[in-house]
Amino acid sequence: MSERVPPPHGVMEGKGAYNKHARIQASGVSLAVPFLESAARRIIPGPADQSIVIVDYGSSQGKNSLTPLRAAIGTMRSFLGPNRPILVFHVDQPANDFNTLFEVLESDTDSYALNDTHVFPSAIGRSFYEQVLPCDHVHLGWSSYAAVWLSRIPVPIPDHFHSSRSTGAIRTEFERQAAGDWEAFLALRAAELRSGGRLVVVLPAHNDRGSPGFMNLMDHANAVLAEMVAEGAISIGERERMILGSYSRKRSELLAPFARAGHFHGLSVEACEMFANPDSAWEDFERDGNKEALAAKHASFFRSTFVPSLATALGPTRSGEELGAFGNRLEVGLKDRLAQQPPAIELAVQAIVLAKLPAA
Ligand SMILES: C[S@@+](CC[C@H](N)C(=O)[O-])C[C@H]1O[C@@H](n2cnc3c(N)ncnc32)[C@H](O)[C@@H]1O
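Note that the structure is a prediction, hence the values are computed from the model and not measured.

> Help me get a handle on the site of the ligand, residues and values and all.
Close contacts around the ligand come from 19 residues, with Tyr18, Asn64, Asp92, Phe128 and Ser144 the closest. One nitrogen or oxygen atom from the main chain of glycine 58 is found 2.8 Å from a nitrogen atom belonging to the ligand. Class assignment of the residues belonging to the shell around the ligand gives a composition of nine nonpolar, nine polar and one charged.

Now the structure itself:
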C-alpha cells in the first residue's frame, strides 16, 4: 500500500497533469497578456544597480506563466537594456509540483529563461495569503486563475460542491469570505510592491448571463459524485465534506475595496476588463463533431484543476491507490456523461491592473 500524502486544498493535479490539461486557463491568460505588457512598460525601475523583481502568484507548474512572463520581460528589456538582472519568483503552496515547474523553465521552448542569462527564476512555497517577499520589493506582480481560491471554506454546501450553486445564508458566507480574502490578498501585495510597481490579476469572470459559465460541467461532476455514494465508492460523510474553496468574483466584487476612497492600501485601479474566453475544446468539436474527444478534454480539465481539492475530503484511512481510484472513477464517469450531452462552456475572464503610485 502506498503512503498517503493528503493533497492540500487548491493545489492542482501533480506530475505535470495540470500543465497538460489547463487549456481553458491558458486561453484566458493569453487574452490578458497585453495588460501585463502595458503594466510592465509603466513600472518605475529605480536605480540601475538594483535587480528588477517580478512575482508570479499561484504559478502551479509554470506552463501557463511562460508566455505572459516572456512578454513582460521582453517589454522591460526594451528600456532596461540586456544586462539588468531580473529576478522572477514563482509563488505557490508548498505541496505544488515545483519539480515540473523547474523542468518547464529549463526545457520548454517557450521558457522566458532560455535565452536571457540575466534572468534568474526561483520559487517560494508559501501561501499568498501571507506576505511572501519583503516590503517595497516587487516591481511587477502577475497572478492568473489563482486568487479565485479562497483561504478557507467558510461553510459546507448541501447537495453540491461549488459555491455558485449555494443560496441564502450559505452564499452570503462565501461572499463574505471572498471579500475578506480579496482584501487580504491586495493588502499583502500592496506591501510587497515598490512605489511605481504594478500588479495584474487575472480571474475567471461571470459571463453575460451572470454565471461562471462552467456550471453544466460542475453539475455533471456532482451527479457522478452522487453515483459514487450510491455504489459505495465514497461515503456520505466524504461526499458532504467535498466543497471547492473556489469563488468567481463579479466585477463589482473585484472593485469593492476601491469604491470608498478610490484606492486601497496605496493601490489604485488602472484597468478592469472582461472578455469572453473561447473554449478551444468546443471549437475543436464544432470542427470535427467528435463528442468523445470533447468529453475527454473537459473531463481532464476538471480532474487536473478540481479533483485534488475534492480528494482532500476523503477519510484519513484512504491509501494512495484509493485516492488515484477516486480520481479515475470521477473522470471516467464525467467523461461518459459529457459524451452523451456535450455542454457548451461559456467562459469569461477578467483582468484587473493595479498601480502602487508614489505618495503625493
Ligand atoms: C488554477 S491554478 C493557476 C495556475 C496558473 N497561474 C495558470 O494560470 O494556469 C491555481 C494555482 O493557485 C495556487 N494557489 C491556490 N491558493 C493558493 C494560496 N493560498 N497560495 C499560493 N498559491 C495558491 C494553486 O496551488 C494552483 O497552483
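> Would you mind going over helix H3 (residues 63-80) in detail, with residue names and values included?
Look at H3: 25 Å from first C-alpha to last across 18 residues, which is about the 26 Å you get at 1.5 Å a residue. The positive-phi residue at the C-terminal boundary of H3 is glycine 81, with phi of around 85 degrees.

> Outline the side chain of glutamate 253, listing residues and values.
If you trace the backbone, glutamate 253 turns up in helix H8 (residues 251-259). Look at glutamate 253: it is buried, it has no salt bridge, and the nearest opposite charge is lysine 250 at 4.5 Å. With residues up to four places along the chain from it excluded, the contact list for glutamate 253 reads Glu175, Trp182, Tyr247 and Ser248.

> For the packing of helix H6 (residues 215-230) against helix H11 (residues 320-340), give the residues involved together with the corresponding values.
Contact geometry for H6 and H11: axes closest at 9 Å, N-to-C directions at 125 degrees. Comparing the axis directions of H6 and H11 gives the class oblique. Here H6 runs over H11; the crossing is right-handed. The segment H6 lies against H11, with Leu217, His220, Ala221, Ala223, Val224, Leu225, Glu227 and Met228 engaging Phe326, Arg329, Leu330, Gly333, Leu334, Arg337 and Leu338. Of the residues assigned to the contact of H6 with H11, the class counts are 10 nonpolar, two polar and three charged.

> Go over the environment of leucine 310, please, and point to the residues and values.
Along the chain, leucine 310 falls in helix H10 (residues 291-311). If we ignore the near neighbours within four places in the chain, the residues touching leucine 310 are Phe161, Met242, Ile243, Leu244, Phe302, Phe326 and Leu330.

> Just give me the short version of the sheet that holds strand E5 (residues 193-205), but keep the residues and values in it.
The strand order across the open sheet built from seven strands is E3-E2-E1-E4-E5-E7-E6, with neighbouring strands paired in mixed fashion. For this open sheet the edge positions go to strand E3 (119-125) and strand E6 (267-277), each flanked by a neighbour on one side alone. Geometrically, the sheet is characterised by an average inter-axis angle of 15 degrees between neighbouring strands, direction not taken into account. Bridging between E6 and strand E7 (residues 347-356) involves 10 bridges; their strand directions are antiparallel. Paired with alanine 271 across the two strands is valine 353, which belongs to E7. Helix H4 (residues 98-107) contacts strand E2 (86-92) and E3 of the sheet and is inclined by roughly 170 degrees relative to E3. Together, strand E1 (52-57), strand E4 (138-144), E5, E6 and E7 form the strand contacts of helix H5 (residues 168-192), whose direction differs from that of E5 by roughly 150 degrees.

> Requested: an account of the pairing of E1, with residues and values cited.
Extensive coverage of E1 is indicated by the burial of six of its six residues. Covered by surrounding structure in E1 are Ile52, Ile54 and Asp56 together with Val53, Val55 and Tyr57, the residues of both alternating faces. For E1 and E2, the ladder comprises six bridges, and the chain directions are parallel. Residue pairing in the sheet places aspartate 56 in a bridge with histidine 90 of E2.

> Residues and numbers for the pattern of salt bridges, please.
For the coordinates displayed, the defined rule picks out 21 salt bridges. Taking the shortest distance from any N to any O, the salt bridge between arginine 329 and glutamate 231 comes out at 2.6 Å. Of the two residues, arginine 329 is situated in helix H11 and glutamate 231 in the loop between H6 and helix H7 (236-241); the sequence distance between them amounts to 98 residues. A salt bridge links arginine 318 to glutamate 238; its shortest N-O distance comes to 2.7 Å. One end of the pair, arginine 318, is in the loop between H10 and H11; the other, glutamate 238, is in helix H7, with 80 residues separating them in the sequence. A cluster of three or more residues bridged by salt bridges with shared partners is formed by Arg23, Asp284, Arg287 and Lys297.

Each value, and the rule that gives it
Residues numbered from 1 in each chain as written. Predicted model: local features only at pLDDT ≥ 70, side-chain atom pairs only at ≥ 80, totals over all residues. Heavy atoms only, no water. Near = heavy atom within 4 Å. Polar contact = N/O pair within 3.5 Å; in protein donor to acceptor, adjacent residues only side chain to side chain. Nonpolar A, V, L, I, M, F, W, Y, C, P; charged D, E, K, R; others polar. Helix = DSSP H or I, 4+ residues; strand = E, 2+ residues; numbered from the N terminus. Expected span 1.5 Å × (residues − 1). Buried < 20%, exposed > 50% of the residue type's maximum accessible area, 1.4 Å probe, protein only. Lys, Arg positive; Asp, Glu negative; His and termini not counted. Salt bridge = Lys/Arg side-chain N within 4 Å of Asp/Glu carboxyl O. Contact = heavy atoms within 4.5 Å. Axes fitted to C-alpha atoms, helices over the stretch in contact; angles between N-to-C directions. Parallel < 35°, antiparallel > 145°, perpendicular 65-115°, else oblique. Left-handed = near helix turned anticlockwise from the far one by under 90°. Pairing = 2+ DSSP bridges.

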